Amino acid sequence: MSDPETTLLTTPLDALHRELGGKMVPFAGYAMPVQYPQGVLGEHLHTRSAAGLFDVSHMGQATIEADDPAALLEELVPGDIKGLGVGRTRYSVFTNEAGGILDDLMISKLAPGKLFLVVNAACKDADFAHLQARLGGRADIRVLADRALLALQGPKAAEVMAGLYDGAEAQPFMTIREAGVAGIPCLITRSGYTGEDGYEISVPADKAEKLARLLLGLGGVKPIGLGARDSLRLEAGLCLYGSDIDTTTTPVEGAIAWIIGKRRREQGGYPGADTVTRQLAEGAPRLRVGIRPLGRAPARAHTAITDLDGTVIGEVTSGGFGPSVDGPVAMGYVPAAFAAPGTPLRLMVRGKALEAAVAPLPFVPHHYFKG
């Protein structure tokens with residue numbers, strides 16, 4: 001029988017993951033480490049208390065160059081990209097004609113005529129085809145397949161990075177810098193997807209292992225796998241594309257309408273704007289909410305959510321054990337009438353109706369750098 005991993009893509013850190021004892025699993029077409037010998041619980045708590053290094057090289061990176069790339073990109077996303085200053089980063093989404101979300105992404109402005117994008121691994125081929133089809137005749141779109149991406153997350157991340165490039169500790173949240181790290185040219189954003197302070201580092205693929213080993217050799221840094229990445233982002237109330245948001249959910253339903261600034265709310269001009277504008281004005285029929293099971297049993301994705309009469313009203317989209325809160329946490333969609341914090345719910349876990357309640361998000365406070 002053939003090895004199932006022979007069909008999987010690998011990141012430039014594949015050999016290092018295996019050397020470090022990473023348990024490799026298929027994810028978005030790649031062989032990726034779900035955990036290391038420390039285990040998901042230990043990796044999660046280490047990231048919350050020190051600094052964790054994540055390999056996110058499977059994600060897609062690209063640049064868009066044009067006379068006014070922000071104006072072009074605003075044809076595809078509802079975010080205010082024209083208002084993005086040089087060196088700033090913004091979170092947004094691609095929408096379809098129904099207002100559904102094709103993918104979420106990070107957009108950084110490298111220069112007046114140049115944007116840098118990071119998109120999700122499972123969507124990147126479709127995203128890049130979408131960009132090429134809609135903007136290709138008017139912009140130079142370059143997929144950066146020769147770059148890796150590392151994320152250093154946690155309260156000690158700034159202390160670690162301070163010794164590697166000038167201005168690291170003072171770099172504001174959601175900004176991008178071009179900097180040399182140990183002689184390696186990098187693009188560094190102060191951002192991440194754990195709710196903690198941290199950095200994402202775009203690095204030439206052939207230098208990625210050198211940089212990863214350098215970071216892992218510094219005090220307080222340990223390798224972290226996909227398992228802890230998922231539990232960290234869930235505690236932080238952050239969406240996972242394909243689970244919490246997708247083509248059937250609008251930004252309003254997904255509770256990320258904050259990405260749509262005043263000008264874009266007034267002017268529209270992006271796919272699905274009519275639907276999204278109507279929901280902004282009238283409210284969405286359903287909303288993504290935080291959910292706290294009242295016992296110890298976690299509710300996983302696709303668990304049915306019912307009202308107190310047993311009528312199914314929604315579904316859990318992400319759920320599991322939250323190590324930082326020492327209990328189960330979940331997110332899911334419920335009708336707007338059930339979305340207020342404290343609203344009692346029931347979760348159908350293994351055939352049993354378990355008590356739960358709508359909870360405010362995030363479950364763990366964000367610790368982003370405020371400057």
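The coordinates are above.
Below is a summary of the structure that appears in this document. (Residues numbered from 1 in each chain as written. Predicted model: local features only at pLDDT ≥ 70, side-chain atom pairs only at ≥ 80, totals over all residues. Heavy atoms only, no water.)

1. Here we look at the sheet that holds strand β11 (residues 184-189)
No. 1: Overall, mixed pairing links the 6 strands, which are arranged β10-β11-β12-β9-β3-β13 in an open sheet. Among the strands making up the open sheet, the edge pair consists of β10 (176-181) and β13 (221-223). Here the strands of the sheet are splayed against their neighbours by 30° on average, with no regard to which way each runs.
No. 2: Across 7 bridges, the pairing between strand β9 (residues 147-153) and strand β12 (residues 198-204) is antiparallel. The partner of Ala148 across the bridge, within β12, is Val203.
No. 3: Contacting β3 (51-55), β9, β10, β11, β12 and β13, helix α6 (residues 208-216) crosses the sheet at an angle of about 15° to β9. (Pairing = 2+ DSSP bridges. Helix = DSSP H or I, 4+ residues; strand = E, 2+ residues; numbered from the N terminus. Axes fitted to C-alpha atoms, helices over the stretch in contact; angles between N-to-C directions. Contact = heavy atoms within 4.5 Å.)

2. Things to note about the state of the cysteines
No. 1: Overall, the coordinates contain 0 disulfides when judged by the stated rule.
No. 2: Of the cysteine sulfurs around Cys123, a residue in no disulfide, the closest is that of Cys239, at 13 Å.
No. 3: On the accessibility criterion, Cys239 (5% relative accessible area) is buried. (Disulfide = S-S within 2.5 Å. Buried < 20%, exposed > 50% of the residue type's maximum accessible area, 1.4 Å probe, protein only.)

3. Thoughts on the environment of Arg229
No. 1: Looking at the element boundaries, Arg229 is found in helix α7 (residues 226-235).
No. 2: Under the relative-accessibility criterion, Arg229 is labelled buried at 16%.
No. 3: Beyond its immediate chain neighbours, meaning those up to four positions away, Arg229 contacts Phe54, Val56, Met59 and Tyr193.

4. Focus on helix α9 (residues 273-282)
No. 1: Residues of α9 that are buried include every one of Ala273, Thr275, Val276 and Gln279, and no others. Mapping the buried residues of α9 onto a view down its axis gives an arc of 165°, with all of them on the same face. Seen from the open side of α9, the exposed residues pointing more than 90 degrees away from its buried face are Asp274, Ala281 and Glu282.
No. 2: Where α9 ends, the next residue or the one after it, Gly283, has phi of about 95°, a positive value. (Arc of directions from axis to C-beta.)

5. Notes on the packing of helix α2 (residues 39-49) against α7
No. 1: Taken N-terminus to C-terminus, the directions of α2 and α7 make an angle of 55°; their axes are 8 Å apart at the nearest point. In terms of axis orientation, α2 runs oblique to α7. Here α2 runs over α7; the crossing is right-handed. Listed contacts from α7 to Val40, Glu43, His44, Thr47 and Arg48 of α2 are Gly227, Ala228, Ser231, Leu232 and Glu235.
No. 2: Split by residue class, the contact of α2 with α7 holds 3 nonpolar, 4 polar and 3 charged. (Parallel < 35°, antiparallel > 145°, perpendicular 65-115°, else oblique. Left-handed = near helix turned anticlockwise from the far one by under 90°. Nonpolar A, V, L, I, M, F, W, Y, C, P; charged D, E, K, R; others polar.)

6. Some points on the side chain of Ser231
No. 1: With respect to the element layout, Ser231 can be found in helix α7.
No. 2: One polar contact links the side chain of Ser231 to the main-chain carbonyl oxygen of Ala228, over a distance of 3.1 Å.
No. 3: Look past the residues within four positions of Ser231 in its chain and what remains in contact with it is Val40, His44, Phe321 and Pro323. (Polar contact = N/O pair within 3.5 Å; in protein donor to acceptor, adjacent residues only side chain to side chain.)

7. Structural notes on helix α4 (residues 124-135)
No. 1: With 12 residues, α4 ought to run about 16 Å at 1.5 Å a step, and its terminal C-alpha atoms sit 16 Å apart, in line with that.
No. 2: Within the span of α4, buried status applies to Lys124, Asp127, Phe128, His130, Leu131 and Leu135. One side of α4 carries all its buried residues, which in axial view fall inside an arc of 155°. Every exposed residue of α4 that faces more than 90 degrees away from the buried side is listed here: Asp125, Ala126 and Ala133. (Expected span 1.5 Å × (residues − 1).)

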